[in-house]
Amino acid sequence: MLVRLIYASRARVPISSEVIDSILASARKNNPGQGITGVLCYSDSIFVQVLEGGRDQVNRIYGSLQRDERHHDLVLLAYESIDERQYSSWTMGKIRLDKINRSLLLKYSVCGELNPYLVSNCATVALLNELASTAAFAQRD
């Protein structure tokens, strides 16, 4: 059974390019063997990540994220069974949330800044879907 899990978390320390590179390197090394695909979105202080794959594998990763010292205020935004993956060719894509077009952010939030703690889960999921459909994600390997 395939599932898609989307979560948000706050970073304990400002998110640097080194932290992102480390997370992506680990994901790109480990995800193919587990059948995990997805995308990591981030700003200076917030992560939003989509994980797709087998139910057991995705839940195991989410459990490890709950114990990961880099995250706090971890919130499950969406979890669903899926018939097909949206990110099937991406071991882990990435996008910097504060680099998204302001008008697109205004479409889904009160101000031109995405904060998944202040908008509905549906708004965050809709934004991610729109970003995926417009190929806004970077480094799809």
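Since the model is a prediction, treat every value here as computed from it, not as a measurement. (Residues numbered from 1 in each chain as written. Predicted model: local features only at pLDDT ≥ 70, side-chain atom pairs only at ≥ 80, totals over all residues. Heavy atoms only, no water.)

Colleague: What am I meant to see in the side chain of R4 here?
Modeller: Structurally, R4 is set in strand β1 (residues 2–11). Assessed through its relative accessible area of 12%, R4 is described here as buried. Among the polar contacts made by the side chain of R4, one reaches the side chain of E52 at a distance of 2.9 Å. Non-local contacts of R4, meaning those with residues more than four positions away in its chain, are made with V50, L51, E52, A78, Y79, E80, I82, E84, R85 and Q86. (Helix = DSSP H or I, 4+ residues; strand = E, 2+ residues; numbered from the N terminus. Buried < 20%, exposed > 50% of the residue type's maximum accessible area, 1.4 Å probe, protein only. Polar contact = N/O pair within 3.5 Å; in protein donor to acceptor, adjacent residues only side chain to side chain. Contact = heavy atoms within 4.5 Å.)

Colleague: Sorry if this is basic, but what is going on with the packing of aromatic side chains here?
Modeller: Aromatic rings in a pair are described by how distant their centres are and how their planes are angled relative to each other. For the coordinates displayed, the defined rule picks out 1 aromatic pair. Ring centres of Y7 and Y62 lie 6.1 Å apart, and the angle between their planes is 55°; this geometry places the pair in the tilted category. Note that Y7 is positioned in strand β1 and Y62 in helix α2 (residues 55–67), a separation of 55 residues in sequence. Y62 shares its class with Y7; the two are buried. Of note, R10 hangs over the ring of Y117, and the distance from its end group to the ring centre comes to 3.8 Å. (Phe/Tyr/Trp six-rings, centres within 6.5 Å; stacked < 30°, edge-to-face > 60°. Lys NZ or Arg CZ within 6 Å of the ring centre and 35° of its normal.)

Colleague: How should the environment of K99 be read in this particular structure?
Modeller: Within the secondary structure layout, K99 lies in the loop between β5 (93–96) and α3 (102–108). Among the residues examined, K99 registers a relative accessible area of 66% and is labelled exposed.

Colleague: Please clarify how the pattern of salt bridges should be interpreted in this entry.
Modeller: Side chains that differ in charge, positive against negative, can pair when their charged atoms come close. According to the stated counting rule, one finds 7 salt bridges in the structure shown. Notably, a salt bridge pairs E80 with R4, separated by 3.2 Å at the nearest N-O pair. Here the residue E80 occupies a position in strand β4 (residues 71–82), and R4 occupies one in strand β1, the gap between them amounting to 76 residues. With a shortest N-O distance of 2.9 Å, K107 and E130 are connected by a salt bridge. With K107 in helix α3 and E130 in helix α4 (residues 121–133), this pair connects stretches of sequence that are 23 residues apart. (Salt bridge = Lys/Arg side-chain N within 4 Å of Asp/Glu carboxyl O.)

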